[in-house]
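Summary of the model geometry
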Amino acid sequence: MPAVGGIGPGTGKEYPGNLTTYVLVTCIVAAMGGLIFGYDIGISGGVTTMTPFLQKFFPSVWRKKEADKTKNQYCQYDSQTLTMFTSSLYLAALLASLVASTVTRKLGRKLSMLFGGLLFFAGALINGFAKAVWMLIVGRMLLGFGVGFANQSVPLYLSEMAPYRYRGALNIGFQLSITVGILIANVLNYFFNKIEGGWGWRLSLGGAMVPALIITVGSLILPDTPNSMIERGQTEEAKAKLKRIRGVDDVDEEFRDLVAASDASKLVEHPWGNLLQRKYRPHLTMAILIPFFQQLTGINVIMFYAPVLFNTIGFKDDAALMSAVITGAVNVGATLVSIYGVDKWGRRFLFLEGGVQMLICQAVVAACIGARFGINGDPGDLPKWYAVVVVLFICIYVAGFAWSWGPLGWLVPSEIFPLEIRSAAQSINVSVNMLFTFAVAQVFLTMLCHLKFGLFLFFAFFVLMMSIFVYFFLPETKGIPIEEMNGVWKTHWYWSRFVEDLDYPNGGMEMSKGGQGPKNV
């Protein structure tokens, strides 16, 4: 019977295995691939508030910000060139993710991570020594290529390596690394901005070489996943690797299911075109709408423009950077909550609770800014209580995102795709994410100038829409082996009409040739 509200039952299959120290350490190292993405998100917003950086590369923005204090506060950073500096990375990441799909599938997850680290290192080096705007943009494009490869491979690697009971927590390690990267970047921006001589921004931008080296070295020492090894014909090595990462010798059933999934995937000649088949309609929908909604929460606006935003609403430069540090710390702490609860409470609960929390906070922030700034953007003297209220509710908003749409936006798509479309579907997921990150980053400051405090209501509308979408259309996926995930669509009240039993002879309910097939419970 279809489940009410979109909750799908599990398949009932259980594989033997433990959370071994080997897997835990491996997943922690791999998850550090998120550092490069997080560091960039945090560093770019802070650098664009540093006066020496603006004077050198964006003098018109600096004049608008400093020379005429009577300007509308909503519009002081409205510069398409400045936003292109920030958002060009995401356009490059979009393009890279399409290439990364083939690399990840044919050469393995590790090599894709290695490419990501090397490209990000090159971009950080160019940005640190930039002499002109074109060097900044070239550096940002290389950073974007690195992010595209890393975001394609790391979530897949974690989902495939982790035991299914702990898949959620270990996969969210990627999001935790993103939040740690943001926090580190915010702290460094705060202190580098105090360096005399006005060259601290070079350290901020060049510092991205450190997380780039971490993922580069990590990719060289990490083992490959059994799924990827089977996909590339290394069957015996894959079985030995599966025994080691599960910590038991009885891996026959899981191994047979992995081989069956790989055999099915090899029958697919065109995985990109295959995505358009009717039976993959649920997967394609999630690959597009989850990252779309994730960006339309407005979180990246808060995170990589946090210093700009706080400066715009009346805080001084140092106060703006410190407020960004505070939101970054909240981001990290709330992500730890998600790691604890995702396999305990489930994906849907966190999605819905986080949506309600963000919706309330965006309405309050819009009211606070609207009350003080009005339409003309002139707040006068801001009392301390006002600053406290704005920062408090932005922090509560960030917390809601950090334990819901932040980590789950990467976790859920990476765990629902069958092997035959996994790399292509993950590429769609990353591409949509980067496309709308680019779009939101590019138009945010213009939207702030024209919509004013109504910008927060704009994002609140999408938070409401995505919460409704999750309630009705996203099945629960906790505790379901990754190769058994197709069973959740067959019992869903809506998606079951697209999926027939014959669609997944090797992937959904009865993959194993030995033993009984899973039962719906």
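Residues numbered from 1 in each chain as written. Predicted model: local features only at pLDDT ≥ 70, side-chain atom pairs only at ≥ 80, totals over all residues. Heavy atoms only, no water.

Further remarks concern the overall build of the protein chain. Broken down by element type, the protein chain carries 24 helices and 0 strands. Scored against the burial criterion, the 521 residues of the protein chain give a buried share of 61%. For the protein chain, the share of sequence-separated contacts (at least 6 apart) that also reach a separation of at least 24 residues comes to 82%. (Helix = DSSP H or I, 4+ residues; strand = E, 2+ residues; numbered from the N terminus. Buried < 20%, exposed > 50% of the residue type's maximum accessible area, 1.4 Å probe, protein only. Contact = heavy atoms within 4.5 Å.)

The next subject is the confidence of the model for the protein chain. Confidence in the prediction for the protein chain averages 79 pLDDT; 82% of positions are at 70 or higher. When pLDDT is averaged over each helix and strand of the protein chain, the minimum, 64, is found for helix 17 (residues 306-312) and the maximum, 92, for helix 23 (residues 454-473). When the criterion is pLDDT under 50, residues 1-12 qualifies, and its contacts beyond four places in sequence or with other chains add up to 42 contacts. Scored below 50 in pLDDT, residues 505-521 shows 45 contacts in the model against residues more than four places distant or in partner chains. (pLDDT = per-residue confidence, 0-100.)

Let us look at the pattern of salt bridges. Across all of its chains, the model carries 3 salt bridges by this definition. For Arg140, the salt bridge identified is with Asp40, shortest N-O distance 2.3 Å. With a gap of 100 residues between them, Arg140 in helix 7 (residues 133-161) and Asp40 in helix 2 (residues 34-47) connect regions that are remote in the sequence. The burial state of Arg140 is the same as that of Asp40; both residues are buried. We note a salt bridge from Glu415 to Arg347, for which the minimum N-O separation is 2.9 Å. Highlighted residues: Glu415 in helix 21 (residues 405-416) and Arg347 in helix 19 (residues 347-373), separated in sequence by 68 residues. The class for Arg347 is buried, based on a relative accessible area of 0%. One connected set of salt bridges, linked through shared partners, spans Asp343, Arg347 and Glu415. (Salt bridge = Lys/Arg side-chain N within 4 Å of Asp/Glu carboxyl O.)

If you walk through the whole model with that rule in mind, you get 29 aromatic pairs. Considering the side-chain rings of Phe53 and Trp201, the 5.5 Å spacing of their centres and the 65° angle between planes classify their relative orientation as edge-to-face. Here Phe53, found in helix 3 (residues 51-57), pairs with Trp201, found in helix 9 (residues 200-206); they are 148 residues apart in sequence, far enough to count as distant. Geometrically, the ring pair formed by Phe293 and Trp405 is edge-to-face, given 6.4 Å between the ring centres and 75° between the ring planes. Placement of the pair is Phe293 in helix 15 (residues 281-295) and Trp405 in helix 21, with a sequence separation of 112 residues. The ring of Tyr22 has Arg244 lying over it, and the distance from NZ or CZ to the ring centre is 3.8 Å. (Phe/Tyr/Trp six-rings, centres within 6.5 Å; stacked < 30°, edge-to-face > 60°. Lys NZ or Arg CZ within 6 Å of the ring centre and 35° of its normal.)

Among the secondary structure elements, Thr297 is positioned in the loop between helix 15 and helix 16 (299-304). Given the relative accessible area of 0%, Thr297 is considered buried. In this structure the C-alpha to C-alpha distance between Thr297 and Met358, which are 61 residues apart in sequence, comes to 8.1 Å. Apart from residues no more than four positions distant in its own chain, Thr297 is found in contact with Met358, Gln362, Tyr397, Phe401, Phe459, Val463 and Met466.

This part is about the nonpolar core. Ranked by size, the top nonpolar core spans 126 residues in total, and within it Phe53, Phe58, Trp405 and Met434 carry the most contacts. With 12 residues, helix 22 (residues 422-451) is the largest single contributor of residues to this core. Excluding its chain neighbours within four sequence positions, the residues that come into contact with Trp405 are Ile290, Phe293, Gln294, Phe351, Met358, Met466 and Val470. (Core = buried A, V, L, I, M, F, W, Y, C linked by side-chain atoms within 4.5 Å.)

As for its placement among the helices and strands, Leu289 is situated in helix 15. Residues Leu289 and Val432, spaced 143 residues apart in sequence, show a C-alpha to C-alpha distance of 8.4 Å.

Looking now at the environment of Val25. Relative to the helices and strands, Val25 is located in helix 1 (residues 21-31). Relative accessible area serves as the criterion here: at 48%, Val25 is assigned to the partly exposed category. Remark: the alpha-carbon pair of Val25 and Leu222, spanning 197 residues in sequence, is separated by 9.6 Å.

This part is about the side chain of Asn171. Summarising the element assignment, Asn171 is placed in helix 8 (residues 167-192). Ignoring sequence-local partners within four residues, the contact set of Asn171 consists of Pro155, Leu158, Ser159, Trp410, Leu411 and Ser414.

Its 12 residues place the ends of helix 21 16 Å apart at the C-alpha level, agreeing with the 16 Å of an ideal helix rising 1.5 Å per residue. For helix 21, a buried count of 12 out of 12 residues is recorded, marking the element as mostly surrounded by other parts of the structure. Residues of helix 21 that are buried: Trp405, Gly406, Pro407, Leu408, Gly409, Trp410, Leu411, Val412, Pro413, Ser414, Glu415 and Ile416. (Expected span 1.5 Å × (residues − 1).)

We now examine the packing of helix 21 against helix 22. In contact at an axis separation of 9 Å, helix 21 and helix 22 are set at 155° when each is read in the N-to-C sense. Judged on the interaxial angle alone, helix 22 and helix 21 are roughly antiparallel. Both helix 21 and helix 22 take part in a crossing whose hand is right-handed. When helix 21 is examined against helix 22, the residues Gly409, Trp410, Pro413 and Ser414 are found in contact with a partner set consisting of Gln426, Asn429, Val430, Asn433 and Met434. Classifying every residue of the contact of helix 21 with helix 22 gives 4 nonpolar, 5 polar and no charged. (Axes fitted to C-alpha atoms, helices over the stretch in contact; angles between N-to-C directions. Parallel < 35°, antiparallel > 145°, perpendicular 65-115°, else oblique. Left-handed = near helix turned anticlockwise from the far one by under 90°. Nonpolar A, V, L, I, M, F, W, Y, C, P; charged D, E, K, R; others polar.)

This next bit is on the side chain of Gln175. Looking at where Gln175 falls in the secondary structure, it is placed in helix 8. The contact partners of Gln175, leaving out residues within four places of it in the chain, are Thr335, Phe401, Gly406, Pro407 and Trp410.

Two elements in contact, helix 15 and helix 22, have axes whose closest approach is 8 Å; the angle formed by their N-to-C orientations is 25°. Here helix 15 lies roughly parallel to helix 22, going by the angle between them. When the axes of helix 15 and helix 22 are compared, the crossing they make is right-handed. Contact residues: helix 15 offers Leu284, Ala287, Ile288, Pro291, Phe292, Gln294 and Gln295, while helix 22 offers Ala425, Ile428, Asn429, Val432, Asn433, Phe436, Thr437 and Val440. Looking at the contact of helix 15 with helix 22 residue by residue, the class counts come to 10 nonpolar, 5 polar and no charged.

What follows deals with helix 23. For helix 23, with 20 residues, the first-to-last C-alpha span of 29 Å sits near the 28 Å given by 1.5 Å per residue. Within helix 23 the residues assigned to the buried category are Leu455, Phe456, Phe459, Ala460, Phe462, Val463, Met466, Ser467, Phe469 and Val470.

Here the focus is the state of the cysteines. Taken as a whole, this structure holds 0 disulfides when the rule is applied. With no disulfide partner, Cys395 has as its closest neighbouring cysteine sulfur the one in Cys361, 9.7 Å distant. (Disulfide = S-S within 2.5 Å.)

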